[in-house]
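As a plain string of letters, each chain reads:
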Number of protein chains: 2
Amino acid sequence: MIIWKNLTAEQQQALLDRPAIANNEQLSKQVADILSQVKEQGDQALFSLTEKFDGIALSSLQVTQTQVEQAKKALSTERLAAINTAYEQIKSFHQAQQPQDVVVETRPGVICALTSQAIESVGLYIPAGSAPLPSTVLMLGVPAQLANCDRKVLVCPPDQNGKLANEVLVAADLCNIDEIYTLGGAQAIAALAYGSQTIKPVCKVFGPGNRFVTEAKKQLSQQVPGFAIDMPAGPSEVLVIADSNSKPAFIAADLLSQAEHGPDSQVVLVSESESLITEVEQALAQQLAQLSRRDIAQQALTQSRLILTDNLTTAVQVSNQYAPEHLIIQTKDPKAQLTQIRNAGSVFLGAYTPESAGDYASGTNHVLPTYGYSKVCSSLSLADFYRRFTVQEITKAGLASLAPCITELTDAEGLDGHKRAVTIRLEQQATQEQTANPIEQSKQQGEGQ
Amino acid sequence: MIIWKNLTAEQQQALLDRPAIANNEQLSKQVADILSQVKEQGDQALFSLTEKFDGIALSSLQVTQTQVEQAKKALSTERLAAINTAYEQIKSFHQAQQPQDVVVETRPGVICALTSQAIESVGLYIPAGSAPLPSTVLMLGVPAQLANCDRKVLVCPPDQNGKLANEVLVAADLCNIDEIYTLGGAQAIAALAYGSQTIKPVCKVFGPGNRFVTEAKKQLSQQVPGFAIDMPAGPSEVLVIADSNSKPAFIAADLLSQAEHGPDSQVVLVSESESLITEVEQALAQQLAQLSRRDIAQQALTQSRLILTDNLTTAVQVSNQYAPEHLIIQTKDPKAQLTQIRNAGSVFLGAYTPESAGDYASGTNHVLPTYGYSKVCSSLSLADFYRRFTVQEITKAGLASLAPCITELTDAEGLDGHKRAVTIRLEQQATQEQTANPIEQSKQQGEGQ
């Protein structure tokens, strides 16, 4: 337990600093090499890299509709129902996020609009480690479906038999994914960015991944013009704000659910109650023993932070300074703290709102900014599958009323071509509207020279 | 004039490809060196780099309120009025973009919300080349003001007397900029990302700049955790879609207003009318001679594209393939083409809507995605000064109704810590609500083991 007020400002910041991500030159070169293989050799590189990294020689990359239908039949009724419930929950929340056009007549005859268009083609990366991740398929697939992107492409590394998990295929089918490929790692991101004989390139790639995937996303987004990624990635993290009203067993369970993600998971508890922190420590020890992934969780817990503050206001300040991916507020009146929260990816209010609920089925997205990026990046939402652009339409009278402003500013900025684009239109006011060649007309009237 | 249908698909794409941005290793190293100087030496490096690159030894970096007041007095009534009019226009359009919270009860007892918070501190980079750019101050400053960011910091390179232009200071004052520094180039971006003795770091930097600034934004956004930039940058560009109803003189003026930005500006005209293209060519030659920046414009025009298509539908397809920053549609019924437009930064409809209007005063933002990035990036808008995050609140009954879905999926994904965070809460249902130590209670009832 760390007593916050006993630390200097520098010590406080150091306590909340994320572990430095090693600038791994070897990883960077290895990924760059994979990317250039895919760029140069296309499908051939995809097959050989899959054999090298996933240990399987595939005969084709694309999953067929027959395989999807087989997956549906292979799953239990309970599992199909669970995937379907999560799908409906996520859909319910995301479809309420449809972008609305903004139209303003900023002055008579000057109409400005902000409108949205779905990104034409999107790539969804689904990791496959120890277990399938249908929840991530839904978190990426549902907003892509709701935005109605023309091409929704899903990639996921094959298992040792060259297959994708039934759960992944069923979730993808619910989201009307257009193309599914058994392909993972940096080579999958390269295929989505460059394209190959089999896979046409996409405009934007979404989704979590291991360090190869993350490095490939980073390199390609810097390298390929017009290619974008969802957000920067770091280890997953949770911060819990608690008071003496909180239930230690619930908090311990929440901390452990974060810790079991990986040895680099970040787990932080901030409380004004010393006894609460002590009780959580006891509950952690007790519950840890029951976890199947206790070795992973234990490693993560060695990096955990249990911080005692004078009051909840300071606890909220600590949270804002840390800017957590997940923020759980288990206090007597969590909404009172919420009004002070500035930086977070997703917030969980009260005793009965575990992070697990948001990870799977409350309806919110589980792709969230980590590593302090919640200060500047948004949680994944429907908006990320769109771009906004502006449209303006001005009448001749509207342009005339703006002209003094525009021409004064073009003078200030020394751009007389910009000025001329306005004045040439207003000079025309004196001439006939239907003139076939306004330049000639203008010359005849001795204007514009 | 290029006849579109006579080209192969590869030739068509090559025609629309942006010129490759040279991977300039020398620039990259030079900028990296500047960044590390600022990181290590702070203010001292800022002063010495300003002396080196801007040729002026400053005694202080920050502009005082007295200097701002002097700037107001120094400007003509007309210029003050023009800045004020542009400010009001931009404000009128951007304040209509205030983000709205989304709240959905996705099922009884499960409430999900998407909410927004202003980014706490923002840096606004204003270039200063041949002339001051008050319009850019307004395009960045107005949304920062409307979002009510806590710290709005403006940086702009000093002139040969160590001053900023009066127009820049007056526009900054209108936007309630909190801190103004006479500082430009890569060193300004480094100061905003790392901080120095005088300048506290900011979370996100906005604005255009030369290749040093662009390279610094790119490097720092990759390097400094939690630091973000507005969007990738490339040369400015316009594409005009025209038919036989279009006025060649207007189109020529629009193409030239783009061409005068710089020798690398991109200028594209697409029309179904051969005679229109010929007339525009004539008008271009005639109007070019009158421009003060004709040498710059002429260089840009050597890279221009005049493309003849069979019909307007194909012209729109060409535009979508190119994905222009600025798109001007001067046809008989521009709204008919607009419905087919997928990719653009800002669209200008009809004969009396020159790009200049959007550059200064229609109300739309002139910071736009270039280089094909309008396929994936949004035009700068109020949303870029906010982040969205989610909030959920679940009742015990709500959690119970979600539990079968969540626990089935945690089983599928092998995350029993996630499962336990749900089940431990529901086991408690049988116990007394006010139990001080629910673990003990749980033990007594033989649960949870």
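The structure displayed is predicted, hence computed values, not measured ones. (Residues numbered from 1 in each chain as written. Chains lettered and ligands numbered in written order. Predicted model: local features only at pLDDT ≥ 70, side-chain atom pairs only at ≥ 80, totals over all residues. Heavy atoms only, no water.)

1. Looking at the overall build of chain A
Moving on, step 1. Of the regular secondary structure elements, chain A holds 18 helices and 14 strands.
Moving on, step 2. Summarising its shape, the C-alpha atoms of chain A cover approximately 95 × 60 × 45 Å along the three principal directions.
Moving on, step 3. Relative to its full complement of 449 residues, chain A shows a buried share of 61%.
Moving on, step 4. Nonlocal contacts in chain A, meaning residues at least 24 apart in sequence, comprise 73% of its contacts between residues at least 6 apart.
Moving on, step 5. For chain A, the exposed surface amounts to about 16,800 Å²; the carbon and sulfur share of it is 47%.
Moving on, step 6. On chain A, the mean spot of the 33 positive side-chain charges and the mean spot of the 47 negative ones are 2 Å from each other. (Helix = DSSP H or I, 4+ residues; strand = E, 2+ residues; numbered from the N terminus. Buried < 20%, exposed > 50% of the residue type's maximum accessible area, 1.4 Å probe, protein only. Contact = heavy atoms within 4.5 Å. Areas by Shrake-Rupley, 256 points an atom, 1.4 Å probe, with all protein chains shown as cover. Lys, Arg positive; Asp, Glu negative; His and termini not counted. Charge placed at Lys NZ, Arg CZ, Asp CG, Glu CD.)

2. As for the sheet that holds strand β6 (residues 179-182) of chain B
Residues and elements named next belong to chain B.
Moving on, step 1. In spatial order, the strands read β6-β5-β4-β7-β8; together these five strands make up an open sheet with parallel pairing. The two strands at the open ends of the sheet, each matched to only one other strand, are β6 and β8 (228-229).
Moving on, step 2. Direction of pairing for strand β4 (residues 121-125) relative to strand β7 (residues 204-206): parallel, over a ladder of three bridges. Within the sheet, the bridge partner assigned to G123 lies in β7 and is V205. (Pairing = 2+ DSSP bridges.)

3. Notes on the interface of chain B and chain A
Moving on, step 1. Listed by partner, the interface residues are 133 residues for chain B and 132 residues for chain A.
Moving on, step 2. In total, about 11,800 Å² of surface goes out of reach between chain B and chain A, with carbon and sulfur atoms giving 56% of it.
Moving on, step 3. It is B:R342, B:Y352 and B:R425 that lose the most area in chain B upon contact with chain A, and together they represent 7% of the buried surface on that side.
Moving on, step 4. The interface formed by chain B and chain A holds ten salt bridges in total. (Buried area = accessible area lost by both parts, 1.4 Å probe. Salt bridge = Lys/Arg side-chain N within 4 Å of Asp/Glu carboxyl O.)

4. Re the pairing of strand β12 (residues 326-330) of chain B
Residue and element names in this part refer to chain B.
Moving on, step 1. Among the five residues in β12, five count as buried, and that is most of the element.
Moving on, step 2. Of the two faces of β12, the one holding H326, I328 and Q330 and the one holding L327 and I329 are both buried throughout.
Moving on, step 3. Bridge count between strand β9 (residues 237-242) and β12: five bridges; the pairing is parallel. Following the sheet pairing, I241 is matched in β12 by I329.

5. What to know about the pattern of salt bridges
Moving on, step 1. Evaluation of the coordinates by the stated rule reveals 30 salt bridges over all chains.
Moving on, step 2. Salt-bridge contacts for B:D411 lead to B:K419; the nearest nitrogen and oxygen are separated by 3.0 Å.
Moving on, step 3. According to the relative accessible area criterion, B:D411 is partly exposed, its value standing at 40%.
Moving on, step 4. For B:K419, a relative accessible area of 25% gives the class partly exposed.
Moving on, step 5. Bridged by salt links that share partners, the residues A:E69, A:K72 and A:D173 form one connected network.

6. Brief notes about unusual backbone geometry
Keep in mind that most residues, glycine aside, have a negative phi and that most peptide bonds are trans.
Residues and elements named next belong to chain B.
Moving on, step 1. Of note in the backbone geometry, N148 takes a positive phi value of approximately 65° without being a glycine.
Moving on, step 2. Mapped onto the elements, N148 comes out in the loop between α6 (134-147) and β5 (151-156).
Moving on, step 3. Exposure remark for N148: the relative accessible area of 55% places this residue in the exposed category.
Moving on, step 4. A positive phi is found at N176, a non-glycine position, where the angle reads about 55°.
Moving on, step 5. On the secondary structure map, N176 appears in the loop between α7 (166-174) and β6.

7. Topic: the UniProt feature "binding site: NAD(+)" (unreviewed entry) in chain A
All names here are of chain A.
Moving on, step 1. UniProt feature "binding site: NAD(+)" (unreviewed entry): in the numbering of this structure it lies at Y125, Q187 and N210. Spatial clustering of the annotated residues is evident: they stretch over 86 residues in sequence, but the largest pairwise C-alpha distance comes to 12.4 Å.
Moving on, step 2. Inspection of the secondary structure assignment puts Y125 in strand β4 (residues 121-125).
Moving on, step 3. Polar contacts involving the side chain of Y125 include one to the main-chain amide nitrogen of G185, which spans 2.8 Å.
Moving on, step 4. Structurally, N210 is set in the loop between β7 (204-206) and α9 (211-223). (UniProt positions renumbered as here; feature names shortened; annotations may be inferred. Polar contact = N/O pair within 3.5 Å; in protein donor to acceptor, adjacent residues only side chain to side chain.)

8. A look at the packing of helix α8 (residues 185-194) of chain B against helix α9 (residues 211-223) of chain B
Helix-helix packing: each pair is described by the crossing angle between the helix axes and the interaxial distance.
Residue and element names in this part refer to chain B.
Moving on, step 1. Direction vectors running N to C along α8 and α9 enclose 25°, while the axes themselves pass 7 Å from each other. Considering their axes alone, α8 and α9 lie roughly parallel with respect to each other. You can see that α8 and α9 cross each other, and the crossing is right-handed. Only F212, V213, A216, K217, L220 and Q223 of α9 make contact with α8, whose side of the interface consists of G185, A186, I189, A190, A193 and Y194.
Moving on, step 2. Of the residues contributing to the contact of α8 with α9, the split by class is nine nonpolar, two polar and one charged. (Axes fitted to C-alpha atoms, helices over the stretch in contact; angles between N-to-C directions. Parallel < 35°, antiparallel > 145°, perpendicular 65-115°, else oblique. Left-handed = near helix turned anticlockwise from the far one by under 90°. Nonpolar A, V, L, I, M, F, W, Y, C, P; charged D, E, K, R; others polar.)

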